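Chain by chain, the residues run as shown.
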Amino acid sequence: MKRWLKISLKIVSVLVVLIILTWLAGAFYISRNKKEVLASILSQLNKNLNGQITATSMEPTLLKSFPGVSVSLNGVLLRDSLWNQHKHDLLKAQDIDVSLNVLSLIVGNINIKRIAINNASIYIYTDSTGYSNTSIFKSKPKTDEKSSSKSSALEVKKIDFNKVSLILDNKKRFKLFNFDIDQIQGRMEYPDSGWTGKIKLMTKVNSFAFNTRKGSFLKDKTLEGTLNARYSRDLDAVILNPEILKIGGHPFKIGAKIELDRSAFAISIAVDDILFRDVALLLSPNISSKLLKFGIEKPINIRGNIVDDGSGKYGDPLIKVGITVRDNVVSIPAGKLTACNFDGSFTNQDTVGGIIGDENSSIKFHKLTAKYFNAPLKIDTFTVNNLARPIATGLVTSQFPLSNLNNSIGTNDFDFKNGTANLRLYCKADIDNFSFTKPVVSGKIQIADADILYIPRKLHLVKSALNINFNQNDLSIQNGHFQLGKSELNVSCSIANFANLYYTAPEKILVNLKMSSPQLYLKEFLPFLGPRTAKKKSNGNKQVVSKELSNVLELSKMNIRLTVDKAIYDNFLAKNLDADISLRGGGIFFNKISVAHAGGQLALNGNIMQETASNSFKISSKISHVSVKDFFYSFDNFGQNTITNKNLKGYLSALANISGKISHTGKILPRSINGKVVFNLNNAALVNFDPMVKVGKFAFANRNLSNVEIKNLDGTLNVRGDKVEISPMQVNSSALNFNVKGTYALGSGTNVEMDIPLRNPKGDENLTRSEKREARMRGIVLHLKAIDDEKGGIKIRWNKDHD
């Protein structure tokens, strides 16, 4: 073996022996001088304390810090000078391990290298006046003695916490921080500027409440990581360099500055690829409850700062958070935003210098692009202010083909085939539980060249265009044009207070609609007579929009002012139609309709009420000098075939009040009509009317009863289903004069009495009117009765029961 190696081994051996002897000497010293060592340790720990640290006993733990020596202090209490008033121990530990420098111990000067606090509770208490039990660490008043050297100060190189409960309770500022510390390991250095350290921690957060009245941040989350910290004497602040700290298992980059004299702090936070929900659950309930009304499916990036100036002026710390969202799906109370991109921010002090809290909070979305029900949206800035009573504002723009809306708005009411939409809307709305209410909307929506099928009514509109203008709460439609089959409609309307009522009371919405048309084929609007077609129920986030839209369409009321050059319905042709119509619920109300028809004028009012099997109607009408032939032809002979348009000539004027049933296809149901008709026939003729022809064959073979002319006839008819009650009526005609009364039945039950004088009216042509009345029933009078025959027709017989 080489000489230098032998010498080296001897030196090492001597050093090892020396260390062991030194360690044994220290251990022997501690064993023989427990009380003195404990007193020295406590004296060292009590230096510059405005209070006292005590221990019930001390035991050596020789092997824990070899080659140093260590002791275990049992029953340790650290109390400030005012403990008797507040009763909160700053430190209460079952045992504290203290590692000592052996050489300093031998020379009689305790030098603590490491302190490990085990199975302990630390309670940092501040009362409502601002006094804290941490005042125990404030320097004692200066004396005339020369200040001690730096070496006399307590400089512990290692500080460990194991199974420690740490509570910071500030009654004045309503703050409560409560941690269950599994482990904290601190390695300290003491330069002239203060101290530096590396702190490894593993702890659970029971409470991290900056304001106990609003709840805790990081509730029940674990913290794990290593922090680099330093204390600056000049700033009297602890500074934590940004390091990775796992919160709830997710890595966050955390940095902080804590100013000890003012109890002020600033915390910076950065995290990438984290779910929005996981972030929201880290915040206090007053914030998270609002944020959880929204959802973001894919992970996001967040940067934030939490700052407290220590003044306690507002209670809450200042919070500023920024998030980056790219190609994501964002859930909002009214649906989902897909392909969503934006930069978001949150602050609880939106007005600089203003209060900190919900009233001055703001959520902002910058440069937002997304698809809402397949409609692309673009919003430069969308803001939600005052989370105590949230107000949302933003300018929304979009251009898209209408077909994008198919199968996307949560309702099967519409099928869009062609057309484009261009919208630019400024929106401002209250948010009640994050549902938009009391909205104020300004702007317009332009729809061009649209092909729309409204499925519940089976209405197919083509070549449609309109401009929808929002003026805060009011809505108007201008330059609307629709084509339904061969019908063309030009539309404009106004709806007062639409925005409020849309959400709160759709049944109170009143649409004032003006419509004009060069030609209208009324049959193409028959779907309005039928019930709405049942549609599939929507689900998911689309259900809200679907339900609201369907309710508005069906519950709102509509007043229509309609002017039409030409209106056509099967055989009915009308000109210069002027109508005032209302749609309410399941009813169509004809407030006033006037129209030129059959050479005369028609005016009516009434209603049609929609029912399941058919529709019921009530009509009051005035007919003025219309061609009776054309009138019966237009209305399909009113559902009967006994007296048809082929049997009639002349002009009709009448007042009619009738009710009945009409099918969903627009046909009057037979035997459903009830009511009263008071009529006047002028310059009329009854042509080839079968019952009259039969009477002629029976009694007046030499007279022309196939063309009976009537100069003037007044009468009253009461309609009861399939029976028409003829009030007593005097008929003066070219062929004969007769009195008639009774019941004419469309089915069975005809019983019409006729008193027919045989005298020929032509012989009375030169008589005066009074003479004609006196001579009318002279001579032979036939008393006949028209009744049903066995074949379903009508037969004439003698009326033996005549009066």
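Quick note: structure is the one above.
Residues numbered from 1 in each chain as written. Predicted model: local features only at pLDDT ≥ 70, side-chain atom pairs only at ≥ 80, totals over all residues. Heavy atoms only, no water.

(A) Summary view of the environment of Leu260. Its place among the elements puts Leu260 in the loop between β11 (250–259) and β12 (264–274). On the basis of relative accessible area, Leu260 is assigned to the partly exposed category, the value being 44%. Among residues more than four places away in sequence, those in contact with Leu260 are Tyr231, Asp236, Ala237 and Val238. (Helix = DSSP H or I, 4+ residues; strand = E, 2+ residues; numbered from the N terminus. Buried < 20%, exposed > 50% of the residue type's maximum accessible area, 1.4 Å probe, protein only. Contact = heavy atoms within 4.5 Å.)

(B) Summary view of empty space enclosed by the protein. Under the criterion given, the structure shown has 1 cavity of 30 Å³ or more. Computed from the structure, the largest cavity encloses a volume of approximately 120 Å³. (1 Å grid on protein atoms, 1.4 Å probe; cavity = no way out; pocket = protein on both sides within 12 Å on 5 of 7 lines; lining within 4 Å. Points joined across faces, edges and corners; volume = space filled by probe spheres on them.)

(C) Geometry of the nonpolar core. In terms of nonpolar packing, the biggest core is built from 183 residues, with Leu73, Leu91, Ile96, Ile117, Phe342 and Leu562 touching the most fellow members. In contact with Leu562, other than residues within four places in its own chain, are Leu489, Met515, Leu520, Leu577, Asp578 and Ala579. (Core = buried A, V, L, I, M, F, W, Y, C linked by side-chain atoms within 4.5 Å.)

(D) Focus on unusual backbone geometry. The residue Lys163 is not glycine, and still its phi comes out positive at about 55 degrees. Along the chain, Lys163 falls in strand β6 (residues 158–170). The backbone of Phe174 shows a phi angle near 55 degrees, a positive value even though the residue is not glycine. Turning to its location among the elements, Phe174 is positioned in the loop between β6 and β7 (175–189). What makes Phe174 partly exposed here is its relative accessible area of 35%.

(E) Highlighting the layout of surface pockets. Roughly 640 Å³ of internal volume is contained in the second largest pocket. Lining the second largest pocket we find 16 residues, and of these Lys711, Asn732, Ser733, Asn737 and Lys772 sit closest to its centre. For the lining of the second largest pocket, the secondary structure elements donating two or more residues are β34 (707–720), β35 (723–732) and α11 (769–775). For the lining of the second largest pocket, the per-class residue count stands at 1 nonpolar, 6 polar and 9 charged. (Nonpolar A, V, L, I, M, F, W, Y, C, P; charged D, E, K, R; others polar.)

(F) Representation of the pattern of salt bridges. According to the stated counting rule, one finds 18 salt bridges in the structure shown. The salt bridge involving Lys163 is made with Asp182; its shortest N-O contact spans 2.4 Å. Here the residue Lys163 occupies a position in strand β6, and Asp182 occupies one in strand β7, the gap between them amounting to 19 residues. The exposure class of Asp182 is partly exposed, given its relative accessible area of 31%. One salt-bridge network, held together by shared partners, links Arg114, Asp160 and Arg187. (Salt bridge = Lys/Arg side-chain N within 4 Å of Asp/Glu carboxyl O.)

(G) Main features of the pairing of strand β32 (residues 648–662). Pairing between strand β31 (residues 615–627) and β32: 11 bridges, direction antiparallel. Along β32, the bridge assignment pairs Ser627 with Tyr651. One ladder, built from 11 bridges, connects β32 with strand β33 (residues 674–687); its direction is antiparallel. Bridged to Leu648 within β33 is Leu686. (Pairing = 2+ DSSP bridges.)

(H) Layout of the packing of aromatic side chains. This structure, assessed with the given rule, holds 10 aromatic pairs. Ring geometry for Phe177 against Phe208: centres 4.9 Å apart, planes inclined by 65 degrees, an arrangement best described as edge-to-face. In this pair, Phe177 sits in strand β7 while Phe208 sits in strand β8 (residues 194–209), placing the two residues 31 residues apart along the sequence. Accessibility assignment for this pair places Phe177 and Phe208 in one class, buried. (Phe/Tyr/Trp six-rings, centres within 6.5 Å; stacked < 30°, edge-to-face > 60°.)

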